[in-house]
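Chain by chain, the residues run as shown.
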Amino acid sequence: MEKPQNLILVIFGASGDLTKRKLVPALYDLYKQNLLPDGFAILGVGRTQLSDDTFRTDMGKGIKTFSNEGSLDNNLVKDFLLKLHYLSINTKSPEDYALLKNKLSALDSVLNSKENFIYYLAIPPDMYEVVTANIGRQELNTQSNNEGWKRIIIEKPFGYDLESAKSLNKKLLQVFKEDQIYRIDHYLGKETVQNLIVTRFANGIFEPLWNRNYIHHVEITSAESIGVESRGSYYDNSGALRDMVQNHLLQITGLVAMEPPSSFQSNSIRNEVLKVFQSFRPIRVNDVDKYVIRGQYIASKIKGERVPGYREEKNVTPDSRTETYVAMKFYIDNWRWGGVPFYIRTGKRLPTRVTEVVIHFKPTPHYLFAKKEIGESCNQMVIRIQPDEGILLKVGMKLPGAGFNVKNVNMDFHYSDLLDIYLPTAYERLLLDCMIGDSTLYARGDIVEEAWKFVSPIQEVWKNNPNIKIFGYPAGTWGPENADDLIEEKTITWRYPCKNLSNDGTYCEL
Ligand code: BG6
């Protein structure tokens, strides 16, 4: 595994939740695997006044709770924490960035990091432009050929709609070049999302089937059992379409649907994803309620305990019409996918936490055996992203005994069968990729804009048309029943997945 060059990682928003729960634990996990360079430091930046020691103690607690490693080596944690430093500045004030410059130069001379800096913006989105501009004012963005490289990582949400995403891209590009900008979509960092590329392009047997001739429809589900928890004020202004569909689910769609790239170069892959996004058939204003179903969870009992409805959650307006569930149907108008419906759905407070892609293959042209309904296929391929990560192929086999009765059986592979294989977290993978300058698993500016181009008109229609219904669904259920009507054929339903990859059905072990 390639080790990055010496570098300093500057985290803006260092006293926030993301730093403690995700970033620092992921960096510790990289350190433990000896994947960080020798000359390495993390400089936490924020408004809160903290000493290096207090910052280290707090981050140590984060590592203990959130590190991917089961058992912690206390000495290693101690060594790692020495790499953490903290600087308190007013991030809005351009003058304060002189302090940042001085601090970086002091650390740089000790570490011999050759002015290789990564800036991580773990701050509220309305601060992205200000912080970037201030970095530019102090010329902390400049790099010369292969020396003193500078990269910036931007957290989601990247924009609020098409216009704001375009404007943010424009502002970032005034300070950094596109190849210095790393837009995070943590789903792309998931091992099993990357396995989608390998499954498709390392195996010759799937490619001939991977098109409109053999695939009936594609289903992508990302279900969560939790509600909005403490994020009411963010979520109420976002909703599931912005929070999950515009980024994570469309990125997965891109990998499922793209053409084989000519190489494994970052832009070669991302060019293919862009073409998929450019081929999305726009959903017309008058068709929004036909193609997109939105829902919101209402109070219910789960395992005997009352669970509050969305409108009762903290920092959510009591008459909120923000969707906590979206199901939609759309088409990709190109030669590979012409006429194949894609169904995607996501929601909070669904029965279980699961993300998966289901490829539904067409039925045989003529069915020889009894008991299959016309149009019903034996074959599905389930690519499970989480949990019980793996792949499952459903095939029809003869039931032993008299006659020719067919039963659908599973051929499955579970990552958990690979003993001693360590599954890195998404943040581990993405942080390391940025350190070595590989942007393949980061979203490119034009792709993000294309995704908004597809999604923003739906938001507009919902905003301007109060007659479009938002359906309540009891917490702990699979969302509004109307979502079933998106699928026209009566013999076909959504897959109702269980935690365990091999099982499905409306009622199952959750
Ligand atoms: C985030 C969303 O991007 O993804 C959250 O903002 C959501 O609302 C989360 O809960 C889901 O991520 P994961 O990795 O738990 O599936």
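Quick caveat: nothing in here was measured; it's all calculated off a predicted structure.

Draft legend 1. Quick peek at the sheet that holds strand E5 (residues 150–154). Read from one edge to the other, the open sheet built from 6 strands follows the order E3-E2-E1-E4-E5-E6, with strand pairing classed as parallel. A strand with exactly one partner marks an edge of an open sheet, and here the two such strands are strand E3 (84–88) and strand E6 (181–183). Neighbouring strand axes in the sheet, compared pairwise and without regard to direction, differ in orientation by 20° on average. Strand direction decides the pairing type here: strand E1 (residues 7–12) and strand E4 (residues 117–121), joined by 5 bridges, are parallel. Bridging from a neighbouring strand, isoleucine 11 pairs with tyrosine 120 of E4.

Draft legend 2. Examining the packing of helix H6 (residues 162–175) against helix H13 (residues 445–464) more closely. Relative to each other, H6 and H13 sit at 165°, their axes nearing to 8 Å. As judged from the angle between their axes, H6 and H13 are roughly antiparallel. For the pair H6 and H13, the sense of crossing is left-handed. From H6, Leu162, Ala165, Lys166 and Asn169 reach across to H13, where they touch Gly445, Glu449, Trp452, Lys453 and Ser456. For the contact of H6 with H13, the class distribution of residues is 3 nonpolar, 3 polar and 3 charged.

Draft legend 3. Structural context of the sheet that holds strand E17 (residues 471–474). As summarised here, the arrangement of the 9 strands in space is E16-E15-E14-E13-E7-E12-E11-E8-E17, forming an open sheet in which the pairing is mixed. Each end of this open sheet is capped by a strand with a single partner; those strands are strand E16 (406–414) and E17. Strand-to-strand twist across the sheet, computed as the mean angle between neighbouring axes with direction ignored, equals 20°. When strand E11 (residues 325–330) meets strand E12 (residues 342–347), the two strands line up antiparallel, connected through 6 bridges. Across the sheet, the residue bridging to valine 326 is threonine 346, located in E12.

Draft legend 4. Looking closely at the side chain of lysine 348. Its place among the elements puts lysine 348 in the loop between E12 and strand E13 (354–361). Since its relative accessible area comes to 4%, lysine 348 is described here as buried. Polar contacts involving the side chain of lysine 348 include one to the side chain of glutamate 224, which spans 2.7 Å. Excluding anything up to four places from it in sequence, lysine 348 contacts Glu224, Ile226, Gly227, Val228, Arg231, Tyr235, Asp243, Tyr297, Thr324 and Tyr473.

Draft legend 5. Molecular detail of the site of the ligand. Residues in close proximity to the ligand include Lys156, His186, Tyr187, Lys190, Glu224, Arg231, Asp243, Met244, His248, Lys348, Arg353 and Gln386, which together make up its full environment. Within the side chain of lysine 156, an N or O atom sits 2.8 Å from an oxygen atom of the ligand. Within the side chain of arginine 353, a nitrogen or oxygen atom sits 3.1 Å from an oxygen atom of the ligand. Coverage of the ligand by the protein amounts to 82% of the 400 Å² it exposes when considered alone. Among the residues forming the shell around the ligand, the class breakdown is 2 nonpolar, 3 polar and 7 charged.

Draft legend 6. Up close: the packing of aromatic side chains. In the structure shown here, the tally under the stated rule is 24 aromatic pairs. With 5.8 Å between their ring centres and 75° between their planes, tyrosine 297 and tyrosine 310 make a pair best called edge-to-face. With tyrosine 297 in strand E8 (residues 292–298) and tyrosine 310 in the loop between strand E10 (305–307) and E11, this residue pair connects regions lying 13 residues apart in the sequence. Taken individually, tyrosine 297 and tyrosine 310 each receive the classification buried, so the pair is uniform in this respect. Aromatic rings pair up to connect Tyr234, Tyr235, Tyr297, Tyr310, Tyr325 and Tyr473 into one cluster. One residue, lysine 398, lies across the ring of phenylalanine 404, its end atom 5.7 Å from the ring centre.

Draft legend 7. Focus on the nonpolar core. Phe12 and Met328 are the most contacted members of the largest nonpolar core, which totals 149 residues. The element that contributes the greatest number of residues to this core is helix H9 (residues 240–257), accounting for 10 residues. Contacts of methionine 328, omitting those with residues within four sequence positions, involve Leu241, Val245, Ile283, Tyr291, Val292, Phe342, Tyr343, Ile344, Phe454, Ile458 and Leu486.

Draft legend 8. Expanded view of the pairing of E12. Among the 6 residues that make up E12, 6 are buried, leaving the element largely enclosed by the rest of the structure. The two faces of E12 match: Phe342, Ile344 and Thr346 on one face and Tyr343, Arg345 and Gly347 on the other face are all buried. Pairing analysis gives 6 bridges linking strand E7 (residues 215–223) to E12, with the strands arranged parallel. Across the sheet, the residue bridging to valine 218 is phenylalanine 342, located in E12.

Draft legend 9. Seen up close, helix H10 (residues 266–278). Between its first and last C-alpha, H10 extends 18 Å over 13 residues, near the 18 Å set by a 1.5 Å rise per residue. Among the residues making up H10, those that are buried are Ser266, Ser268, Ile269, Arg270, Glu272, Val273, Leu274, Val276 and Phe277. On its buried side, H10 packs onto H9 and H13.

Reading the values: the criteria
Residues numbered from 1 in each chain as written. Predicted model: local features only at pLDDT ≥ 70, side-chain atom pairs only at ≥ 80, totals over all residues. Heavy atoms only, no water. Pairing = 2+ DSSP bridges. Helix = DSSP H or I, 4+ residues; strand = E, 2+ residues; numbered from the N terminus. Axes fitted to C-alpha atoms, helices over the stretch in contact; angles between N-to-C directions. Parallel < 35°, antiparallel > 145°, perpendicular 65-115°, else oblique. Left-handed = near helix turned anticlockwise from the far one by under 90°. Contact = heavy atoms within 4.5 Å. Nonpolar A, V, L, I, M, F, W, Y, C, P; charged D, E, K, R; others polar. Buried < 20%, exposed > 50% of the residue type's maximum accessible area, 1.4 Å probe, protein only. Polar contact = N/O pair within 3.5 Å; in protein donor to acceptor, adjacent residues only side chain to side chain. Near = heavy atom within 4 Å. Areas by Shrake-Rupley, 256 points an atom, 1.4 Å probe, with all protein chains shown as cover. Phe/Tyr/Trp six-rings, centres within 6.5 Å; stacked < 30°, edge-to-face > 60°. Lys NZ or Arg CZ within 6 Å of the ring centre and 35° of its normal. Core = buried A, V, L, I, M, F, W, Y, C linked by side-chain atoms within 4.5 Å. Expected span 1.5 Å × (residues − 1).

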